[in-house]
Amino acid sequence: MIPSQDKRSGSSSLRVAYCGLLCALALIFSYIEVLIPFNIGIPGVKLGIANLVIIVALYLFDWRYAMGINLVRVLVSGLLFTGMFSALYSLAGALLSMTVMVLLKKTGLFSVTGISIAGGVTHNLGQILVASALVSSLNMFAYFPVLIFSGVASGAVIGIVAFFIIRRLSKV
């Protein structure tokens, strides 16, 4: 049973258990991405399969659970796989994209795929903002058009897959 559909007014222990499972799944996806980078020769471009878990969590749980899963994933994967410097970039992107996705979802005007695309683009924007601040140069934004394209492409793929997962889990 999906926690948001729990007839007993939503068991918090059940939600915590699901969130733990989703954190583990997001970490597994992060590890897979480290092992098999999908950058097609372009630095900074990733498919972002761990974000699939975040989008699904955003639709099946309260936004705070999705944010918690996202933060745990970023920090733990930074400690285990990519290093804390990389986690700083990822954290900036995660916080900005999560904020945008939550706000867009609340409007009710966007599809799962649209919200995922916005999340992908704003994740890249957050990373460019941090990189620009660290090197004290706005020249980093010259690379942003490439990251916009990759954010739209990966956000669309993740959003489409998330749509079908959410639809399937909503029927359970």
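This report concerns the structure included in the present document. (Residues numbered from 1 in each chain as written. Predicted model: local features only at pLDDT ≥ 70, side-chain atom pairs only at ≥ 80, totals over all residues. Heavy atoms only, no water.)

**Considering the overall build of the protein chain**
Item 1. Within the protein chain, the secondary structure is distributed over six helices and zero strands.
Item 2. The linear arrangement of helices and strands in the protein chain, starting from the amino end, is α-α-α-α-α-α.
Item 3. Burial analysis of the protein chain (172 residues in total) assigns 40% to the buried set.
Item 4. Long-range contacts, defined here as pairs at least 24 residues apart, represent 67% of the contacts in the protein chain between residues at least 6 apart. (Helix = DSSP H or I, 4+ residues; strand = E, 2+ residues; numbered from the N terminus. Buried < 20%, exposed > 50% of the residue type's maximum accessible area, 1.4 Å probe, protein only. Contact = heavy atoms within 4.5 Å.)

**Things to note about unusual backbone geometry**
Item 1. At Ser136, a residue that is not glycine, the phi angle is positive and equals roughly 50°.
Item 2. In this structure, Ser136 sits in the loop between α5 (112-135) and α6 (144-170).

**Overview of the packing of helix α4 (residues 84-107) against α5**
Item 1. Taken N-terminus to C-terminus, the directions of α4 and α5 make an angle of 140°; their axes are 7 Å apart at the nearest point. Between α4 and α5, the interaxial angle falls into the category oblique. Where α4 crosses over α5, the handedness of that crossing is right-handed.
Item 2. Residues belonging to the contact of α4 with α5 are distributed by class as follows: 16 nonpolar, eight polar and one charged. (Axes fitted to C-alpha atoms, helices over the stretch in contact; angles between N-to-C directions. Parallel < 35°, antiparallel > 145°, perpendicular 65-115°, else oblique. Left-handed = near helix turned anticlockwise from the far one by under 90°. Nonpolar A, V, L, I, M, F, W, Y, C, P; charged D, E, K, R; others polar.)

**Thoughts on the packing of aromatic side chains**
Item 1. Counted under the stated rule, the structure contains six aromatic pairs.
Item 2. Each ring, one from Phe85 and one from Tyr89, has its centre 5.3 Å from the other, and the planes form 85°; the classification is edge-to-face. With Phe85 and Tyr89 both in helix α4 and four residues apart, the pair spans about one turn of that helix.
Item 3. According to the relative accessible area criterion, Phe85 is exposed, its value standing at 55%.
Item 4. Ring pairs connect the aromatic residues Tyr18, Phe61 and Tyr65, which therefore count as one cluster. (Phe/Tyr/Trp six-rings, centres within 6.5 Å; stacked < 30°, edge-to-face > 60°.)

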